[in-house]
Amino acid sequence: LRFLVGDIMVVKTELCAFSEYRIYPGHGQRYIRRDGQPVLLSTSKCKRLYIINKKKPAKLMWTQAWRRLNKKGKDEGIVKKKARKLVKVQRAIVGTSLEDLMKKKLVSK
């Protein structure tokens, strides 16, 4: 199904039940489970893994379920930690006070 929204053509896509990739019109296969629920599968690879091999999508690295589980992809939410600004503090050395050090520093300039 195509719709015109403004000047942009919108194509209705569905998601694969296994890989969660987009399925465009005319592609993919619909599999009806025993409980009567239709399942859309994008490729024969997805169909084989889902129906015959009964694999879990989260165990396969190329699926979106695995990527979501292992926090891959979405970097927008991550904020880099800000480094603290260093604050210089002058301290006295054993045997001399801070005032004596400041006087020597001014004299040497």
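Residues numbered from 1 in each chain as written. Predicted model: local features only at pLDDT ≥ 70, side-chain atom pairs only at ≥ 80, totals over all residues. Heavy atoms only, no water.

**Details of the packing of aromatic side chains**
- Here the structure, examined in full by the defined rule, presents three aromatic pairs.
- Judged by centre distance (6.2 Å) and plane angle (50°), the rings of Y21 and W62 are tilted. Linking Y21 in the loop between strand 3 (14-15) and strand 4 (22-23) with W62 in the loop between helix 1 (44-52) and helix 2 (64-69), this pair joins segments that are 41 residues apart in sequence.
- Judged by relative accessible area, Y21 falls into the partly exposed class, the value being 36%. (Phe/Tyr/Trp six-rings, centres within 6.5 Å; stacked < 30°, edge-to-face > 60°. Helix = DSSP H or I, 4+ residues; strand = E, 2+ residues; numbered from the N terminus. Buried < 20%, exposed > 50% of the residue type's maximum accessible area, 1.4 Å probe, protein only.)

**Quick look at helix 1**
- Turning to helix 1, its buried residues number three or more, namely C46, L49 and I51.
- Considering only its buried residues, helix 1 is in contact with strand 5 (29-32) and strand 6 (38-41).
- Where helix 1 terminates, the next one or two residues include K54, which has phi positive at roughly 50°. (Contact = heavy atoms within 4.5 Å.)

**Points about unusual backbone geometry**
- Residues other than glycine seldom take positive phi values, yet K54 does so here, at roughly 50°.
- Turning to its location among the elements, K54 is positioned in the loop between helix 1 and helix 2.

**Details of the state of the cysteines**
- All told, the structure shown has zero disulfides when counted by the stated rule.
- Not engaged in a disulfide, the cysteine C16 finds its nearest cysteine sulfur in C46; these two sulfurs lie 3.9 Å apart. (Disulfide = S-S within 2.5 Å.)

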